[in-house]
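Inside the fold
For reference, the chains in residue letters:
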Amino acid sequence: MGTRHWLPSDGRMLLIVLPMVVALFATLANSAAVMSVDLGSEWMKVGVVSPGVPMEIALNKESKRKTPTTIAFRNGDRVFGEDAQTLGVRFPSNSFGYLTDLLGKTVDNPMVDLYRKRFPYYDIVADPVRRTVVFRSGEEQYMIEELIAQLLQVAKSYAEDSTGQLITECVLIVPGFYGQAERTALVAAARLANLKVLQLINDYTAVALNYGIFRRKEINETAQYFLFYDMGAYKTSAAVVSYQLVKDKATRETHPVVQVLGVGYDRTLGGLEMQVRLRDYLGREFNKMGKTKTDVFTNPRAMAKLFKEAGRLKNVLSANTEHYAQIEGLLDEQDFRLLVKREQFEELCKDLYERVTAPLDKALAVSGLALDVINQVVLFGGNTRVPKVQDILRTHIGQELAKNLNADEAACMGAVYRAADLATGFKVKKFITKDAVLFPIQVVFDREGESGATRQVRRTLFGSMNSYPQKKVITFNKHTDDFEFTVQYAELDAVLKGDTETLGSPDLARVQLSEVAKRLKASVAENVESKGIKAHFLLDDSGIFSLANVELVLEKTVTKEEEDEDESTFQKIGNTISKLFSGDSADKPAEEKPPTEGGAEAKDEEEPASGKEGKESAEEEQQQQQEEGKKQSAKDKEADGGAKDAKPEAGEPADKKAADEGTEAKNATVKPKIVTLKEPIPSKVELAYVVPLDGELFDASAKRLSALDEVDKAKQRRETALNALESYVIDAQVKLDEQEYASCATETEIETIRKRCGEISEWLYEDGSDADAETYETKLEELRGVANEVYARHWEHQERPIALNALKQMINGSEGFLRSARNLTKDTNPEKDVFTAVEIETLEKAIRSTIEWRDTEVAEQEKLARNAPVRLTVKDITDRMGLLDREVKYLVNKLKLWRPKVKPTPPPKPEKTTAGKKEGEQKEEAPSSEEQPGSEPVLEQTPEKDADETEEGAAIDPTATQQDRTGESGDHTEL
């Protein structure tokens, strides 16, 4: 239904259909929700924000705030999270977890070798084209990007279920030590999941942002330094950041800024390494017991059970000094039970605890700050809860640790705030983040020396701890022919200290430039000089490096005559029109108007002032603008360094000064104009690290994921149909055993329903266990067709008394209204004759007929049995109520619109003499009661008009009488 709007101007009706507009706004609103994903090695957290709803953590299907980053496949089924972990205990090689550190790495990377050592039951092979990690499980193979993409799809589903909106944009959290290969691989995985990545934000930056947005009032112009320490499942990192209020030079606004000053990390120190060591310890102890001759380390299922128990035991020992490890049927149906003390666990990880403080010291060293200037050391990450880790850090820094952050969710909440800032549809308080480069990037190219020998030149693009996003330009001014250069990491030995192989290839890209000589030959001339080839590089806010463009820069010298010759006809016409509108003339000396704020346009928008005051204010404004313009003009002339436009000094004739200026102008040499020209240079970029997942490879992966999604949808549909059929069969059998339902069915119907339910139950547990969703849905519709008639009769008998009661109340109300309406007719009340006798009689007849119909139908229905076809339905009662309600509403609306008739006012008696008439006019023009305290105001009653007549008739001017009184007087001010 549309909404009607009446146009007062011509009385026509405009019907505006709102549902389309509402749907449009709903679509815009639905696309506004964004999410953040903290895709950790062990757990995944999803943050969401939508318009009008604060930031929050999305819950998974188990209503938990974090989900294991595990995915498992078995017999064509795909499960995630806790279900995947449970399946992984029985089938370890089919369940994949701790995947994030395998992104963007070839199979010969040391991190891949470490993964194989920790989880020996995985079959990892190399991709034939990209040499990246591929998991092989039977006949199926899964690329690492495909597995990560499926985890992101699950995160997306959780976010959409939480917000009830479609989500297509996200901010992903990554470790700060992710290089170019890892970052581009994660973006490709997000594309596979149909997600647009707004930004890849480093975990410590997200935590620092979350810490700052809730302490905005504590930030001032003085820098405050904090150190954030994180120990997760896979790695440990520390970052020194500063908080400070900074004024933006462009907008002149002051915003808080968090800047990363120093970073240190250990990518193999984390809870996973502790858990693996505890698993191996439990395995050795089981072998020592000699319960079986089979080595537990050779059984993947037993190792998976030990790994799961080691994780549980590690968490318990964080709060208890000792605990029993116990596994039923660990190997060869032999149980395992062992008491483990916290001291034993700490002894296993003794060398790991010695590495705890190294990232903190490295972050302080890189930042150049001492520990005494750090306000607080803030902990986040799940494994910072380990008591031994906290004791080591507390002893090392000599102060208490700050634990006022949610160790699990701080990064996710900071990232979702950043997502709202980057996405459209949100207005958030600005909080600027400045991240830092961990691995320097340089350009390497060959240059021919004066002796003809070629030497290699290195130029740093983005140095260590440079803030980003950032753009850099390098100029090649010695190359006159096609050449190439390489972009690579720089100073890796100083940053990684021997672990350079974990980052992969040191080379990032090879760039080949073509048509250099051709462009130089075509562009360089007598008045055109080459200024070199400029390559523009970009490090975006995700930390991803790219080559923006390459161009040849030329400088052309243009004289006044050439400039006039080059001026086109259209430019001349444009300049002439500009002079006409600006009032300039060739015969008139060039007089530069001082710039004023607002100018003519601003004046046109204002109303012209009237009277003396307006004239004076306009003159003052014009004088003030001229003075400001003179000051600005003087500043411009001083900046240009020219003296020919300067004002004459005091006491010097203006004419003489003008004549001298003219002579100097004739003798002066006109300075040529320099014009910068840019020519694009074709460039070809070949990535030197891991081949990105793009083109046909990407399409093939997307097709495989789409097939898995279709399988999941079919599975979900089948499960839903099967559950619905089973529930309906059981419900029908239970209801037929109840007298309330059985009385509404005939013997034949009861026998048919019971027989049909029995057949379906038998079929479900025999041949129908493997049926498809369509078969289940068909059988459910057949059973509903038999049983729905009985259910409909039961519903009618149950709802009929409620409907009859509502009809009774309506009849009582109508009778009461009828009694009141009888007193509003012409016969009973001539002064208020709202209704006619015909209208009263019509309402009375409608009430009487409704009562008679009700009594007759109720009596007939009571004669029928409960299992007989229903005579008096609820719909019949509601239809009858609608007829009666229509009659009553008609009279009620008429009563609302009724207005009493107004008697005509008798004309005033004419005056007998002229003197009397003048005296009467003087009385009319007498001062008002406010000016004469003795007089009393005379109140006149204006006859009321009908509402419709008032709306569509002539407008009533409340000032008409006053204007008539003042019309004969002199000048007056209209308000």
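Residues numbered from 1 in each chain as written. Predicted model: local features only at pLDDT ≥ 70, side-chain atom pairs only at ≥ 80, totals over all residues. Heavy atoms only, no water.

The name given to the protein in an unreviewed UniProt entry is Hypoxia up-regulated protein 1, with the source organism recorded as Anopheles arabiensis. As its UniProt record puts it under Sequence similarities (unreviewed entry), the protein is described as follows: "Belongs to the heat shock protein 70 family." We quote the UniProt Subcellular location (unreviewed entry) comment for the protein here in full: "Endoplasmic reticulum lumen". (UniProt positions renumbered as here; feature names shortened; annotations may be inferred.)

We now examine helix H25 (residues 837-863). Helix length check: H25 (27 residues) gives 40 Å between terminal C-alpha atoms against 39 Å at 1.5 Å per residue, within 8%. The complete set of buried residues in H25 reads Glu839, Ile840, Leu843, Ala846, Ile847, Thr850, Trp853, Arg854, Glu857 and Gln861. (Helix = DSSP H or I, 4+ residues; strand = E, 2+ residues; numbered from the N terminus. Expected span 1.5 Å × (residues − 1). Buried < 20%, exposed > 50% of the residue type's maximum accessible area, 1.4 Å probe, protein only.)

Now for the pattern of salt bridges. The final tally for this structure, using the stated rule, is 48 salt bridges. Between Arg118 and Glu273 there is a salt bridge, with its nearest N and O atoms 2.7 Å apart. With Arg118 in helix H3 (residues 110-118) and Glu273 in helix H7 (residues 271-289), the pair connects residues that are 155 residues apart, well separated along the chain. Notably, a salt bridge pairs Glu759 with Arg756, separated by 2.9 Å at the nearest N-O pair. Of the two residues, Glu759 and Arg756 are both situated in helix H23 (residues 747-764); the distance of three residues between them amounts to about one turn of the helix. Put simply, Arg118, Glu273, Arg277 and Asp351 are held in one network by salt bridges that share partners. (Salt bridge = Lys/Arg side-chain N within 4 Å of Asp/Glu carboxyl O.)

The subject of this paragraph is the sheet that holds strand E7 (residues 70-74). Sheets are built from strands that pair by backbone hydrogen bonding, the pairs being arranged parallel or antiparallel. In spatial order, the strands read E8-E7-E9; together these three strands make up an open sheet with antiparallel pairing. In this open sheet, the two strands that pair with only one neighbour each are strand E8 (77-80) and strand E9 (95-97). On average, each strand axis in the sheet is inclined to that of its neighbour by 15°, with strand direction left out of account. Here E7 runs beside E9; their pairing, made up of three bridges, is antiparallel. (Pairing = 2+ DSSP bridges. Axes fitted to C-alpha atoms, helices over the stretch in contact; angles between N-to-C directions.)

Another point: the environment of Leu405. Within the secondary structure, Leu405 sits in the loop between helix H12 (387-397) and helix H13 (410-422). Judged by relative accessible area, Leu405 falls into the buried class, the value being 12%. It is 7.6 Å that separates the C-alpha atoms of Leu405 and Tyr211, two residues lying 194 residues apart in sequence.

Moving on: the pairing of strand E23 (residues 454-462). As judged from the eight bridges shared by strand E22 (residues 441-448) and E23, these two strands associate in the antiparallel manner. Looking across to E23, one finds that Ile441 is bridged to Phe462. Counting the residues between successive antiparallel strands, the hairpin from E22 to E23 contains five residues, one of them, Gly452, with a positive phi of roughly 95°.

This paragraph deals with the packing of aromatic side chains. This structure, assessed with the given rule, holds 34 aromatic pairs. Centre to centre, the rings of Phe119 and Phe307 are 5.6 Å apart; their planes meet at 80°, and the pair counts as edge-to-face. Of this pair, Phe119 sits in the loop between H3 and strand E10 (124-126) while Phe307 sits in helix H8 (residues 300-317), and the two are 188 residues apart along the sequence. Here Phe119 matches Phe307 in class, with each residue buried. Just above the ring of Tyr211 sits the side chain of Arg215; from NZ or CZ to the centre is 3.8 Å. One residue, Arg301, lies across the ring of Phe91, its end atom 5.6 Å from the ring centre. (Phe/Tyr/Trp six-rings, centres within 6.5 Å; stacked < 30°, edge-to-face > 60°. Lys NZ or Arg CZ within 6 Å of the ring centre and 35° of its normal.)

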